[in-house]
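# Commentary on secondary and tertiary structure
One letter stands for each residue in the lines below.
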2 protein chains.
Amino acid sequence: MRAGPSQEEIRRHNLGTLLRFVHLRGPASRATLAGALGLNRSTIMALTADLTAAGLVREELPRSPGRRAGRPSLVVRPESTRVYVLAFDVGVDRLGVARVGLGGEILDRREAARERGPSGPSDPAELVGALAAAARSLVRKAGRDSVCVGAALAFPGTVRRADDQIMFGPNLDIGDLALGEALSRRLGLGIPVSVCNDANLGALAEHERGSGVGCDNLIYLHGDVGVGGGIIVGGRLLGGEEGFGGEIGHMVVNPGGRGCACGSRGCLEAEVGERTLLAHAGREEVPGTAGRDAVRAVVDAADRGDIVARDALHRVGTWLGWGVANLVNIFNPGLVVFGGTLRDVYLGSAAQVRSVLATGALAAPREKVRLRTAALGDDTTLVGAAEFAFAEVLADPVQVLARLRAPEDAPVTST
Amino acid sequence: MRAGPSQEEIRRHNLGTLLRFVHLRGPASRATLAGALGLNRSTIMALTADLTAAGLVREELPRSPGRRAGRPSLVVRPESTRVYVLAFDVGVDRLGVARVGLGGEILDRREAARERGPSGPSDPAELVGALAAAARSLVRKAGRDSVCVGAALAFPGTVRRADDQIMFGPNLDIGDLALGEALSRRLGLGIPVSVCNDANLGALAEHERGSGVGCDNLIYLHGDVGVGGGIIVGGRLLGGEEGFGGEIGHMVVNPGGRGCACGSRGCLEAEVGERTLLAHAGREEVPGTAGRDAVRAVVDAADRGDIVARDALHRVGTWLGWGVANLVNIFNPGLVVFGGTLRDVYLGSAAQVRSVLATGALAAPREKVRLRTAALGDDTTLVGAAEFAFAEVLADPVQVLARLRAPEDAPVTST
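Here the structure is a predicted model, which means the values were calculated and not measured. (Residues numbered from 1 in each chain as written. Chains lettered and ligands numbered in written order. Predicted model: local features only at pLDDT ≥ 70, side-chain atom pairs only at ≥ 80, totals over all residues.)

## A short note on the overall build of chain A
Regarding its fold elements, chain A presents 14 helices and 15 strands. Since a compact globule built from 415 residues should have a radius of gyration of about 22 Å, the 23 Å found for chain A is in line with a globular shape. Taken along its principal axes, the extent of the C-alpha atoms in chain A is 65 × 50 × 45 Å. Here chain A, with 415 residues, has 51% of them falling under the buried criterion. (Helix = DSSP H or I, 4+ residues; strand = E, 2+ residues; numbered from the N terminus. Rg over C-alpha atoms; globule rule 2.2 N^0.38 Å. Buried ≥ 20, exposed ≤ 12 C-beta atoms within 10 Å, placed from the backbone.)

## Describing the domain arrangement of chain A
If you check the domain split of chain A, you get domain 1 (7-78), domain 2 (83-200 + 380-414) and domain 3 (214-375). Centre-to-centre separation of domain 1 of chain A and domain 3 of chain A, based on C-alpha positions: 41 Å. (Domains from an automatic or database assignment.)

## A word on the sheet that holds strand β1 (residues 28-29) of chain B
Residues and elements named next belong to chain B. Read across the open sheet, the three strands follow the order β1-β3-β2; overall the sheet is antiparallel. In this open sheet, the two edge strands, each paired with only one partner strand, are β1 and β2 (57-60). The strands that helix α3 (residues 41-53) touches are β2 and β3 (75-78); relative to β2, the one it contacts most, it runs at about 115 degrees. (Pairing = 2+ DSSP bridges. Contact = placed C-beta atoms within 7 Å. Axes fitted to C-alpha atoms, helices over the stretch in contact; angles between N-to-C directions.)

## Some thoughts on unusual backbone geometry
Phi is positive for D164 of chain A, close to 55 degrees, though the residue is something other than glycine. In the Ramachandran plot, N332 of chain B falls in the positive-phi region, its phi being about 45 degrees despite a non-glycine side chain. Its place among the elements puts N332 of chain B in the loop between α10 (307-331) and β14 (335-340).

## Considerations on the relation of the copies chain B and chain A
Each copy superposes on the other: chain B lies on chain A with an RMSD of 0.0 Å after a rotation of 180 degrees and an axial shift of 0.0 Å. Expressed as an axis order, the relation between the two copies is that of a two-fold axis. Comparing interface residues between copies, 100% of those in chain B also lie at the interface in chain A; the contact surface is shared. (Least-squares fit on C-alpha atoms with pLDDT ≥ 70 in both.)

## Let's talk about the packing of helix α9 (residues 291-303) of chain B against helix α11 (residues 341-360) of chain B
Residues and elements named next belong to chain B. The N-to-C vectors of α9 and α11 enclose an angle of 10 degrees; their axes lie 9 Å apart at closest approach. By the angle between their directions, the pair α9 and α11 is classed as roughly parallel. On α11, the residues touching R292, V295, R296, V299 and A302 of α9 are T341, D344, V345, L347 and G348. (Parallel < 35°, antiparallel > 145°, perpendicular 65-115°, else oblique.)

## Notes on the interface of chain B and chain A
Taken together, the contact between chain B and chain A spans 54 residues of the former and 54 residues of the latter. Looking at the side of chain B that touches chain A, the elements with two or more residues in it are α1 (7-25), α2 (30-37), β9 (165-168), α10, α11 and α12 (363-366) of chain B. Of the residues that constitute the side of chain B that touches chain A, the class distribution is 27 nonpolar, 20 polar and seven charged. (Nonpolar A, V, L, I, M, F, W, Y, C, P; charged D, E, K, R; others polar.)

Below, the structure written as structure tokens:
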């Protein structure tokens, strides 16, 4: 129960809000900004001047001036190549690292396949080494006057918010690891690396840049090997008491059903995950058939009329439908988004999912809910990591820049 | 994406915050308020003066002065007998109406039993008439200088936020009804009556005045005949896109299980609701055995060693445990609160609920979650309705008072 903000807090908030606007919506004129933020143009001018001085935005002529006569008005544009974050995406099958500019453009990226299980880099030191090497090569290619303002990593497991500790990563052999700290040390850029659940970041990305723009109550279901979830409630990511919120994959939809990596039975993950789909489709034992390509192959086969593949998708779609029905009743979301491998699974079983939803969800919350696939495709979690990495600078731009440019441990004479 | 507030908005916010503090925490000295709200004492003095002038608080000597020497400092006290709301609680078995003072004290109340089904007042006009008559008798007994600042009604069904329309009330024969509007007209006090789902209000009440004070992520499970839910996420009630959020009772925990009033099967409500408990206990057919007393009788019998009653609670406790496990995985709450008849059911099946939770919930979110019964007992939903009714005046106290005292349609000469 805090009182309203001080003048200085309001100024910082407004700086962040303006920067956030051009970061998410792209270059905008002062008039547009004044209208969108509910501020007068002289305030917008002052805020823009501060952000320009900090090197976060610049004002310039629009690239495609409008048809109006006279001098076109300047637009405020994010410094998208100079100011960037590092985004890491640790999947079960692949690693991704990207340099993402203010404004959201992926400026440069590295990808690597990972082998599963004991033969792959499940050794934490090896994983950290691979991620750091890729990131350093991206940083070396960045311009000398560019500045990295944050870093974040998407991880397919349970991550404690207070210290980014990984509590549970059943589909990846890494438990109890301070991954962010290790990676930050290895990077040596003097910036912390936040670690967050991949599906939570997928929800953030789809909310800010994907299917969910404008929808403040959405559920994102992410399939990798397991099934994760991210939930936006009233425009904010549901974290719960310690950041473990959104573990939709371990909602039990079929009590006594298939065994799950978490130790329980009949979890949504156990009933609709990749392994189950492949098992239903009789493809479990074929060597080399795993991951997104294997899931897509089942959907393609079903499209071509393969009865076993169709039946597999029907069975998985039934449980996915029950899961979605429960979530619709609990959350009354405006939107449910399917990402990762669930994107393909949903496309191959949409009729069944909708049919179960019609039975299992109450009419009132069911009526207006939309079901969609992730607009950001395979980049959902990576883009989410980038947005998470930008969060601090968007909340208090000038403060963060000042800290990055004058680190506390630097000698005073060095300036 | 709005800019920070104006000075006037901040002043109103601060007036509301101060009033909210003394409303929820009780009388407080200026020093306490300054510390709690992060404002200096002269600002507190100005805010208090405004609220005093509006008749919302008064300053006076503390009732039990401290031991310090010298003149005891004044405390700011809510005008708890002068400023009040009307709270309505429509249960399946009973009606409650109360006059609740600023500060939360129930000043006066009326209760009536309702008969179930076609013989009871399921006729909307009859229901509205009974509620209005009880409320008017409470208003007549209030002092002449007192002012009613709001009214709200707890309803055991699905209520659309935009227009308070009741969409679904399966355990009460009222569908598609503008209950709030009808009641407001019948009351004739010139104030609107908000209608809200009863379990949502229970969550609000337990969060603000019950077991959940200080816990910003909690789940409230309410048993009447059906099972409802209210969810607090990050300190705010989860409403979803249209206010239907929190329908935990229609989460399917047992696919293909017992039929539910909603048309589905195996919903939490169908597996743990009053009718199911009584059926398991072999008490379904005994005339006159329904409602809270019947549920308590089963729990009492189990306590005395009745094997059938024990078995009934064990079965119901198992499904309740699965429901809670799912919610713990999805929300990572700090607290789960059992209210209404589920209070007794939980007390009679806690060991089973905890045992299933240990299997069905992930270790990380399970570790710190607490399970508790509703601290407000049978008044949970009524207290929630009162808090909901106070929301507007707490958000903008002076504005609301001004509107109530000078209604637009009153002739100017009447003042």
